[in-house]
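Each chain is listed here by its residues.
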Amino acid sequence: MVNKEQIRSVTINDPNYPELLRQIKKPPEELYYRGDFNLCHTPCLAVVGSRKATPYGKWAAYNISKLAAEHGVTIVSGMASGIDSYAHMGALDAEGKTIAVLGCGPDICYPRTNRDLMDRIVRFGLILSEYPPGKGPLAGQFPVRNRIISGLSYGVLVVEAGLESGSLITAGQALDQGREVFAVPGNINSMYSAGANKLIADGATPVTSVDDILDLLGIREIRSLIKDDVLLGEDEKALLQFIADHGMLTMDRLCLLSGKSPATVSSLVTVLEMKGRVQTSMGKIYIAK
Amino acid sequence: MYSRILTGSIMGIDAETVTVETDISSGLPSMTIVGLPDTSVREAKERIRSALRNAGYQFPSKRITVNLSPADSKKEGTHFDLPIAVGVMVASGEISAGEAAQYAFFGELSLDGKVNAVQGAIALAIGLRNKGVRKLILPAGNRHEVSILTDMEIYPVAHISDVEAHLSGMNPLMPFRGRPRKSSREVCESGEDFVDVAGQEGVKRALQVAAAAAHNILMVGPPGAGKTMMARRLPGILPTMTYEECLEVTRIYSLAGQLPAEGGLITQRPFRAPHHTISPTALAGGGSKPRPGEVPLAHFGVLFLDEFPEFCRKALEVLRQPLEDEKITIARASATVTYPAKIMLVAAMNPCPCGNLGHSTRKCTCSEYQVIQYRSKISGPLADRIDIHIEIFPVPYEELIDSAGRNIKKGNSEQMRNAVEIARSVQIDRYRRERISYNSQLTPPLIKKYCPLDRESEQLLKMAFETYSLTARSGLKIIKLARTIADLEQEENISAVHVAEAISYNRFYTANRGGKANG
Amino acid sequence: MDDRKQLGKLGEEKAVRYLISKGFKILDRNYKCKTGEIDIIAMEGKTLVFIEVKTRRGLSYGLPCESVTSAKKRHLLRTLRYYVAFHGLEEMDMRVDVIEILALRKGIYLNHIKNIV
């Protein structure tokens, strides 16, 4: 039984309404939600794909979502069976954040087999819908809610999709909204990946590791902002922020930006590296993976 | 009928005083030279006989015996001609013995009596000076070279008759005074400055730390990153050489026959950059008449070995003794010679055999195995002697533009050198009771004594051990470096900041050793 | 054979006369011992002089003095040392000279080379 009191809503005029979503064509007038609404303001990555997924697709959806979530990325999906479910599970298993955007009322679990998953998402993530509580799952509503999935996100990752898949619609909407589109390449003789491969052929960014996404979205820095920085001194924090802002810096650049001497910078970077916060390689300083 | 004349003989880099004893006695006319002369000395009698006759003197047709005392060390070189000739003239009464005894002599004779310049004159003169000789009669051709010895009276002669005229008082010579030597400042300004290097602040800092205590340094980076450019500027931030140091360097160059013709004191720290195909002998020194090689020629300066792993193994072995004992010994059939070799080793290598590993636009074609092979060539005792390992990468074009546009503070060599000089004087002062002068020479017991770490530093070091799986030896290196960094910052105690920076100069080597990071 | 001996004899006579005219005191002529022979031994002041005389009829074999090779010198020295030791003359100044005599038709030429060792 769903407690009605858990369901709240925001309107488009509410300052708490997600800014990214406000910018799309036809943003929903009102959003009903259960869980932590603040997740809408975190960097999101949509992970979508067909309901009939191969083990490869499930593996990719689960693992990419998990790794991304570990870096502090919120995984947005549609809680359908197949790829969507594995994306949510990956994020939850990483103790990361996830948002499920439903094609029915936020109190209704569709498909029913996802009841456990939905409970977990309510507890640790966010259930979102433009439909009021009690609204049942109707076929026409699902493609429509896809615009919200992409609208909330910096980018959309299509894991496995046939040529007729709804995921391709999501990808198309993402492009209209100016979002990045990623696709996981599949075997060229696999009908399950035909859609994803076509996206790549059409210019989507192929994803071979989670880094491809993080780099392109510039999401690298998120982790450091989210993790607690109690161990770090003020100088270290400041330096970390510079590195996070740029994703990657050379020593010279860091000296210039921070206004500190090379001696100070190199000792701070070393400490940060030993604390596992940054990595140096080939003369460049990165936020640690 | 007996005379004693003072001269010198080169022994390695040093010179010993040699007394030329001449005895003229009755008997069948002959001239014998004893006291282990080599061929070049034995031939002197032919030159002397002709030179004296052609200069209008009587060559006594008597039995002449010349002894080069001490008689048990080997003598070589043509510079014995003049002292022996003078010895004969004194013994035969052409020159008064009293006058000649005040001077030391060296020079080679021509058959017409001209006095020719000799090689290694300054080495000889410095050796004699250190033995207390203050008046020197030498070939006019060597006068500029030797005139750097401001505390010696030197009398250059062009002909054997000048010697006689001077000593007899007929035509006394004036002591020669050279041109005043260039100040070190002038020399530096003519050299290359770090101000010309755009960016690379981290590398500059590492080089400054290296310079502050003569730490050896290894730079790893792709071609075009600026390794050579940085190394060339290193001598410019080393402390100005003292007069004695200048003399020592000058005498080595003199022995190697590498002094410029106009002579003069070498006041700039040497920078030697031998090619990686160099033979061990050329690096150390050698030849039947031993001559200093590249290592002794880099004494008090920088020995830059580019393409470090490409040097042959034997050549690299040669470096071990100078790095440990600050001298180099070469054993030849004729003698064993020891040259001083207080060198600062600057090694440079590519990150991989093809050089492109880590380059932003060029692709590395090496296999992982090749990379490991390449890096393992500098393993072992040699790598342990190199305190600083840093990576150097080309400055991206955007950053060059940026640095040109904005006025970032760029360390110029003079500022850097000043800091280095202060740090060095702090160290000399600290170690005045020890047998070392710089932090790079610290031994484990001395590290314990002079490099106490506070708790925070200890923790940091422990962390480094875990993070980078350091060896005990690198731990010591880090402490030594931390001491130098603290000295450079003019702080009495080592603190965590210094240790952290020191770790940064060792982290690359241990962390990335053999590994091939993102190609 | 006889002719050559006569020529040698002639040369030596000529040399002796020359030496005497120069104030040399002739001590010995054709000194022979088992190590060799010295043509003339003389005193010039305080110096003991050993003289080898070389006589030639023409220049077809080079200058007479050129036949005094180092082997010949070694023989001379050996004989000299024997003589010096035999007579106990070690403390004296001494030298070895060569007198070359060229006996041509138009006349006899003499050349005195001092201290050849």
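Before going further, it helps to examine the interface of chain A and chain B. Facing the 21 residues of chain A at the interface are 30 residues of chain B. At the boundary of chain A with chain B, total buried surface from both sides reaches about 2200 Å², with 61% on carbon and sulfur atoms. On the chain A side of the contact with chain B, Asp252(A), Met274(A) and Met282(A) bury the most area, a combined 33% of that side's loss. On inspection of chain A and its partner chain B, the count reaches five residue pairs in polar contact (both at pLDDT 80 or more). Looking at the side of chain A that touches chain B, the elements with two or more residues in it are helix 11 (251–258), helix 12 (262–274) and strand 11 (278–281) of chain A. A total of nine residues in the side of chain A that touches chain B trace back to one element, the largest contributor, which is helix 12 of chain A. Each residue belonging to the side of chain A that touches chain B can be placed in one class, and the counts come to nine nonpolar, eight polar and four charged.

Our next topic: the domain arrangement of chain B. Size of an interface, as often reported, equals the accessible area lost when the parts are brought together. All names here are of chain B. Split by domain assignment, chain B resolves into domain 1 (2–168) and domain 2 (185–512). Centre-to-centre separation of domain 1 and domain 2, based on C-alpha positions: 44 Å. For the pair domain 1 and domain 2, the two sides together bury roughly 1600 Å², of which 59% comes from carbon and sulfur. Considering only the surface of domain 1 that becomes buried against domain 2, Ile13, Gln119 and Ile148 emerge as the three largest contributors, covering 37% of it. Seen at the junction of domain 1 and domain 2, the total is two salt bridges. A salt bridge links arginine 129 to glutamate 244; the shortest N-O distance between them is 3.1 Å. On the surface where domain 1 and domain 2 come into contact, there are six residue pairs in polar contact (both at pLDDT 80 or more). Top contributing element to the side of domain 1 that touches domain 2 by residue count: helix 5 (residues 121–130), with seven residues. When its residues are assigned to classes, the side of domain 1 that touches domain 2 shows nine nonpolar, seven polar and five charged.

This part is about the sheet that holds strand 10 (residues 248–250) of chain A. All names here are of chain A. Within the open sheet, the three strands sit side by side as 10-12-11. Their pairing is antiparallel. Only two strands of the sheet have a single partner each, and these edge strands are strand 10 and strand 11. For this sheet, the mean angle separating the axes of adjacent strands, direction not counted, is 25°. Where strand 11 meets strand 12 (residues 284–287), four bridges bridge the pair, whose relative direction is antiparallel. The residue of strand 12 that forms the bridge with threonine 280 is isoleucine 285. Each of strand 10 and strand 12 is contacted by helix 11, which is oriented at about 95° to strand 10, the strand it contacts most.

Moving on: the interface of chain C and chain B. Across the contact, 10 residues belong to chain C and six residues belong to chain B. Buried area between chain C and chain B, summed over both chains or domains, comes out near 640 Å², and the portion from carbon and sulfur atoms is 52%. The largest share of the area that chain C buries against chain B comes from Asp93(C), Met94(C) and Asn115(C), three residues that together contribute 59% of it. Joining chain C to chain B, the criterion identifies one salt bridge. Two residues, Lys62(B) and Asp93(C), come together in a salt bridge whose shortest N-O distance is 2.7 Å. Across the chain C-chain B interface, the total number found is four residue pairs in polar contact (both at pLDDT 80 or more). Elements with a contribution of two residues or more to the side of chain C that touches chain B: helix 2 (70–87) and strand 4 (93–104) of chain C. At four residues, strand 4 of chain C tops the list of elements feeding residues into the side of chain C that touches chain B. Class assignment for the residues of the side of chain C that touches chain B results in six nonpolar, one polar and three charged.

The rules behind the values
The numbers attached to residues start from 1 for each chain and follow its sequence in the written order. Here chains are named by letter from A upward and ligands by number from 1 upward, in the order in which they appear as written. Residue-level local features of this predicted model are given only where pLDDT is at least 70; pairs of side-chain atoms are given and counted only at 80 or more, and the full residue set underlies all totals for whole chains, interfaces and linings. To get the side-chain values, all heavy atoms of the structure are used, and hydrogens and water are removed first. In this description, contact between two residues means that some pair of their heavy atoms is separated by no more than 4.5 Å. By buried area we mean the combined loss of accessible area, with a 1.4 Å probe, across both parts when two parts are placed together. Pairs of N or O atoms are called polar contacts if they sit within 3.5 Å, as long as, within protein, a hydrogen donor faces a hydrogen acceptor (for residues adjacent in sequence, only side-chain-to-side-chain pairs). A run of DSSP states H or I qualifies as a helix once it reaches four residues; a run of E qualifies as a strand once it reaches two. Both are numbered from the N-terminal end. Amino acid classes used here: Ala, Val, Leu, Ile, Met, Phe, Trp, Tyr, Cys and Pro are nonpolar; Asp, Glu, Lys and Arg are charged; the rest, including Gly, are polar. As used throughout, domain bounds are those supplied by an automatic or database domain assignment. Criterion for a salt bridge: a side-chain nitrogen of Lys or Arg within 4 Å of a carboxyl oxygen of Asp or Glu. For two strands to be treated as a pair, DSSP must find at least two bridges joining them. Lines fitted to the C-alpha atoms define the axes, with helices restricted to the stretch that makes contact. Angles between their N-to-C directions range from 0 to 180 degrees.

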